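Coordinates in review
Listed below are the residues making up each chain.
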Amino acid sequence: MTNLDFEKIVDTSDEWITTRTGIKERHIASDTMTTADMSVEACKRAMDMAKCRKEDIDLVICGTVTPDYRLPSNACMIQKELGLTNALAFDVVAACTGFINGLVIANSYISTGLYKKALVIGAEKLSAIANYKDRTTCVLFGDGAGAVVVEPSANERGIVSSFMKSDGRLWQLLWMEVGGIKNPYTPEFPYDGSDKIFMNGAEVFKVAVKEMAKAVENVLEKANVSPSDIALFVPHQANLRIIDALAKRLKISPERVFKNIEKYGNTSAASVPIALDEANREGRIKPGDYVVVVAFGGGLIWGSALIKW
Ligand code: COA
């Protein structure tokens, strides 16, 4: 779906969307394609790349706020579809930070020896919850999925340090009012957008830049690594201006910042794994490189990880 397509449904322009967000187009899943469907596709490709057998997967964690059903988890749907009968599967509800949160959980479980091989997924069908009558938010979001296989490493490679934090006081900056048990849908429910994403973009923007910068500084300091040692910075793709402000604040030069927001928009939990996959397949990351991922989302919640690739 291009910016020109949006010009036909809300009062906006390609020029406004491009200059304020950096987005040119986003992918919208078909009516019949679900978040679990996209996740399964991503998992197959990740398992292929990692040359991993399905019997060996013992943990499946899916970051999503758009699961196929309220019950059970999306991760259980993925487990069933892929026949991962030896695994524990559960979801993480951490909005755009869901993938990084899942990665940190997988890393902790694997480090303690509880599990050996995890699939961590970030997947969203945001088109199902975007308010296509609200021009301030609908132009931002897209659908997608990404996945990684995480396993113990015999050398120093892997997740070197991580940081996760949230501030529940700010939950109403980015939320959906109707659809949970507090405000369930009723037969009389009037369409006023309260069952779709609401976001106070300007406020979220300010907190996002500040807290993501602190999260990255935290993981670097803990590992005694300086910003100049980072080979590739892979931030959540929410807004090009946020990414640029963040990189500037952290003194990471533009050629070391991965950006694909132009093609996908904000895919929430899927954004970091999609970006990591593209960067990897494009040969922008070599074994031994330091890679930093960071994300921020509704909760508000944010997190970062320093990875030795
Ligand atoms: N097309 C045209 N005009 C639009 C528009 C659109 N799609 N959306 C908003 N506008 C208008 C507003 O109505 C406002 O008009 P006004 O000045 O007459 O009231 C003007 O543009 C500026 O709006 P504002 O909200 O201040 O714009 P902004 O520069 O803050 O950009 C966002 C808006 C949403 C792009 C930006 O705030 C953002 O990216 N925020 C963070 C998003 C994010 O990271 N999300 C969560 C993390 S996952």
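See above for the structure.
What comes next concerns the included structure. For every chain, the first residue of its written sequence is number 1, and the numbers climb from 1 along that sequence. Local features in this predicted model are restricted to residues whose pLDDT is 70 or higher, and side-chain atom pairs enter the listing and the counts only when it is 80 or higher, whereas totals over whole chains, interfaces and linings include all residues. Side-chain numbers here rest on the full set of heavy atoms in the structure, without hydrogens or water.

Another aspect to go through is the pattern of salt bridges. Between Lys or Arg on one side and Asp or Glu on the other, a salt bridge is scored when a side-chain nitrogen of the former is within 4 Å of a carboxyl oxygen of the latter. One pass over the structure, following the stated rule, counts 15 salt bridges. Note that Arg-169 and Asp-167 form a salt bridge whose closest N and O atoms lie 2.9 Å from each other. Only protein chains enter the accessibility calculation, which uses a 1.4 Å probe; a residue whose area is less than 20% of its type maximum is buried, one above 50% is exposed, and one in between is partly exposed. Under the relative-accessibility criterion, Arg-169 is labelled exposed at 74%. Given a relative accessible area of 16%, Asp-167 falls into the buried group.

Core analysis: the biggest nonpolar cluster contains 42 residues, and Phe-233 and Phe-296 have the highest contact counts within it. Taken together, the elements giving at least two residues each to this core come down to helix H7 (201-223), strand S8 (230-235), helix H8 (240-250), strand S9 (290-297) and strand S10 (301-308). Secondary structure follows DSSP: runs of H or I at least 4 residues long count as helices, runs of E at least 2 residues long count as strands, and numbering of each begins at the N terminus. No other element matches the 10 residues that H7 contributes to this core. Boundaries of every domain are those given by an automatic assignment or by a domain database. Viewed by domain, this core spans two of them, domain 1 (3-155) and domain 2 (159-308), each represented by three or more residues. Any pair of residues with heavy atoms lying within 4.5 Å of one another is described as a contacting pair. Aside from chain neighbours lying at most four places away, what touches Phe-233 is Val-216, Leu-246, Leu-250, Ile-252, Arg-256, Val-257, Phe-258, Val-292 and Val-294. Take the buried Ala, Val, Leu, Ile, Met, Phe, Trp, Tyr and Cys residues and link them wherever side-chain atoms come within 4.5 Å; each set so joined is a nonpolar core.

Below, the discussion takes up the side chain of Thr-267. With respect to the element layout, Thr-267 can be found in the loop between helix H9 (261-264) and helix H10 (271-281). Under the relative-accessibility criterion, Thr-267 is labelled buried at 1%. In terms of polar contacts, Thr-267 uses its side chain to reach the backbone amide nitrogen of Ser-271, at 3.1 Å. If we skip the residues at most four places from it in the chain, Thr-267 touches Glu-124, Leu-126, Gly-142, Asp-143, Gly-144 and Ile-274. Polar contact criterion, stated in full: a pair of N or O atoms within 3.5 Å, where within protein one must be able to donate a hydrogen and the other to accept it, and residues adjacent in sequence count only if both atoms are side-chain atoms.

Now for the site of the ligand. The criterion for a residue being near a molecule or strand is simple. One of its heavy atoms has to lie within 4 Å of it. Looking at the ligand, there are 23 residues lining it, with Thr-12, Arg-20, Cys-96, Arg-135 and Asn-239 nearest. Contact with the protein chains removes 73% of the 960 Å² of surface that the ligand exposes when unbound. Where the shell around the ligand is concerned, the elements lending two or more residues are helix H2 (14-21), helix H6 (135-138), H7 and H8. Counting residues per element, the shell around the ligand draws most heavily on H7, which supplies 4 residues. Counting only domains with at least three residues in the shell around the ligand, you end up with domain 1 (3-155) and domain 2 (159-308). Note on areas: Shrake-Rupley with a 1.4 Å probe; residue coverage comes only from the protein chains shown.

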